Amino acid sequence: MTLENKTVAFLVGPEGIEQAELVEPWKAVSDAGGTPKLVSKDSGTVQAFNHLTPADEFPVDVTLDAASAGDFDALVLPGGVANGDQVRTFPAAVSFVKAIADAGKPIAVICHGGWVLIEADVVRDRTLTSWPSLQTDYRNAGAAWQDQEVVVDDGPFTLVSSRKPDDLPAFNRELLRAFE
């Protein structure tokens, strides 16, 4: 599997990103020859967490006001409760996600990262999974929710979803397939 000449956006908020859900897919994309780029609202760094404990900081590569769907081949939405909740409140993030989906580019989402998908109204008639507490949100947005380690929905854009850090091996395997 190779992602050579592919640039993948990792969209996150300023803090609360679940570190494993950022770092492990990032490494999978990079190891496959892809170019991951960290996209966030502001320049500088973002703060990751190991659940509720602050972990590492990561430098932002592209701010949302400079990000264009045309610059990326795919999108990863890492989880973290605070991260997912923040990202959905940024109009530029919602527009960016909608533009990626409208362009038919694959999106991979894990845990709480999908709240922005609901906000962008791109999950209607789709099947996916997430952290269990989001299942009602997805159903209310018109999606079918399943409790599985990974779900791949090949609709108007490929949507790869997983529930939690324990699912990362399956998530990474399927996102590489979808992004290839």
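One can find the structure itself at the top, above this paragraph.
Residues numbered from 1 in each chain as written. Predicted model: local features only at pLDDT ≥ 70, side-chain atom pairs only at ≥ 80, totals over all residues. Heavy atoms only, no water.

Undergrad: Can you help me understand the overall build of the protein in this one?
TA: Across its full length, the protein carries 6 helices and 12 strands. Taken over the C-alpha trace, the protein has a radius of gyration of 14 Å; the compact-globule value for 180 residues is 16 Å, and the two agree within 12%. Taken along its principal axes, the extent of the C-alpha atoms in the protein is 35 × 35 × 30 Å. In the protein, which comprises 180 residues, the proportion classed as buried is 54%. Contacts in the protein between residues at least 24 apart in sequence constitute 64% of all its contacts with a sequence separation of at least 6. Positive and negative side-chain charges of the protein, numbering 14 and 27 respectively, have mean locations separated by a distance of 4 Å. (Helix = DSSP H or I, 4+ residues; strand = E, 2+ residues; numbered from the N terminus. Rg over C-alpha atoms; globule rule 2.2 N^0.38 Å. Buried < 20%, exposed > 50% of the residue type's maximum accessible area, 1.4 Å probe, protein only. Contact = heavy atoms within 4.5 Å. Lys, Arg positive; Asp, Glu negative; His and termini not counted. Charge placed at Lys NZ, Arg CZ, Asp CG, Glu CD.)

Undergrad: Please explain the sheet that holds strand E4 (residues 45-50) as it appears in this structure.
TA: Through backbone hydrogen bonds, the strands of a sheet pair up, either in parallel or in antiparallel fashion. The sheet built from 3 strands is open, its strands ordered E2-E4-E5 with mixed pairing. With one partner strand each, in any of the chains shown, strand E2 (15-18) and strand E5 (53-59) form the two edges of the open sheet. Between one strand and the next, the sheet's axes are offset by a mean angle of 45°, whatever the strand orientation. In terms of strand pairing, E2 meets E4 through 3 bridges, oriented parallel. When the bridges of E4 are listed, Glu 18 appears paired with Phe 49. Its contacts with the sheet place helix H1 (residues 19-31) against E2, E4 and E5, and it is angled at close to 55° to E2. (Pairing = 2+ DSSP bridges. Axes fitted to C-alpha atoms, helices over the stretch in contact; angles between N-to-C directions.)

Undergrad: Just checking my understanding: could you explain the pattern of salt bridges for this structure?
TA: Pairs can form between side chains of opposite charge once their charged atoms are near each other. A complete count under the given rule lists 9 salt bridges for this structure. For Asp 102, the salt bridge is made with Lys 98, and the minimal N-O distance between the two is 3.3 Å. In this pair, Asp 102 and Lys 98 both sit in helix H3 (residues 91-102), 4 residues apart, roughly one turn of the helix. Residue Asp 102 is classed as exposed on the basis of its relative accessible area, which comes to 54%. (Salt bridge = Lys/Arg side-chain N within 4 Å of Asp/Glu carboxyl O.)

The values are spatial; any link to function lies outside them.
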